[in-house]
Amino acid sequence: MPLMKASYEHQALLLDLQQLDTALRQIAHKGANLPEIAVLASLEGDGSRLRSRLATEQGAWEDAQSELKRIESDVAVVEARVARDEQRIASSSSSKDVAALEGELAALAKRRSDLEDLQLEVMERVESLGAVAAVTRDELDQLDTRRVDAETGRDAKLAELETDRAEVVANRETIAATVPADLLALYERQRDRYGVGASLLRGGVSSASGVALTGSDLAAVRAAAEDDVVLCPDSNAVLVRTYESGL
């Protein structure tokens, strides 16, 4: 027993629908697999690694700056004590006090010399660490430029695909409106279940499955009336018969 009756012309329209649905699936596949999407994913991974590296480098640079400020503060304290002791020496009349102050000044001079050496070393480290962080920031800037370019390319291609999709959808709606409701519902149901709603039988081979029908299946198809709606035994799509079917 056939599933339903439908004219050859209406059944043939299902092939047009299937062609358009295949086009929609291809458009969706292209949209999901644009090269720019893979590039953006790669750039995101690179960006994450660079930002992590920059955070470490920035932290080391800031630590060195903090160390430099502490040294500068220590130098300022030593210089203040030197100025104070020199002032006391200038105003003191006690040789014992002067001798003690001169001893302290000698120690302060040694302390200041050590601090200035350390200050120079840390200044060099601050400069070096800052340069390293600057290189990473520059890499991030370049990566951001590449990201913007990739996003622009992706969006342009997606817009083109959306234009194509809208055209296909409009054509599909026009054709679907001419297909009897029960036949259209069958097509949609089979397409949703099995991925293909209509299949052309050409030379005894179902286009949906690419498999030749067996002798018994071909005999059953031959026995069906032209307006009988039959299903492909392999793909479960509506099997559309034409003069090419080899029946």
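Residues numbered from 1 in each chain as written. Predicted model: local features only at pLDDT ≥ 70, side-chain atom pairs only at ≥ 80, totals over all residues. Heavy atoms only, no water.

A.B. asks: Break down the environment of Ala219 for me, with residues and values.
C.D. replies: Structurally, Ala219 can be placed in helix 5 (residues 215–223). Taking the C-alpha atoms as reference, Ala219 lies 8.6 Å from Leu247; in sequence the two are 28 residues apart. (Helix = DSSP H or I, 4+ residues; strand = E, 2+ residues; numbered from the N terminus.)

A.B. asks: Any details on the packing of helix 1 (residues 8–32) against helix 3 (residues 95–176)? Residues and values, ideally.
C.D. replies: Two elements in contact, helix 1 and helix 3, have axes separated by 10 Å at closest approach and are oriented at 165°. Taken as axis vectors, helix 1 and helix 3 run roughly antiparallel relative to one another. Where helix 1 crosses over helix 3, the two elements pack in a sense that is left-handed. Here Leu13, Asp16, Leu17, Leu20, Asp21, Ala23, Leu24, Ile27, Lys30 and Gly31 of helix 1 come into contact with helix 3, specifically with Leu158, Leu161, Asp164, Arg165, Val168, Val169, Asn171, Arg172, Ile175 and Ala176. The residue inventory of the contact of helix 1 with helix 3, partitioned by class, reads twelve nonpolar, two polar and six charged. (Axes fitted to C-alpha atoms, helices over the stretch in contact; angles between N-to-C directions. Parallel < 35°, antiparallel > 145°, perpendicular 65-115°, else oblique. Left-handed = near helix turned anticlockwise from the far one by under 90°. Contact = heavy atoms within 4.5 Å. Nonpolar A, V, L, I, M, F, W, Y, C, P; charged D, E, K, R; others polar.)

A.B. asks: Explain the layout of surface pockets to me, and be specific about the residues and the numbers.
C.D. replies: Its boundaries defined by the atoms lining it, the largest pocket holds a volume of some 170 Å³. If you go around the largest pocket, the residues you meet are Tyr8, Gln11, Val221, Arg222, Ala224, Ala225, Glu226, Val240, Arg241, Thr242 and Leu247. Taken together, the residues of the lining of the largest pocket break down into six nonpolar, two polar and three charged. (1 Å grid on protein atoms, 1.4 Å probe; cavity = no way out; pocket = protein on both sides within 12 Å on 5 of 7 lines; lining within 4 Å. Points joined across faces, edges and corners; volume = space filled by probe spheres on them.)

Any functional reading would require information that these geometric values do not contain.
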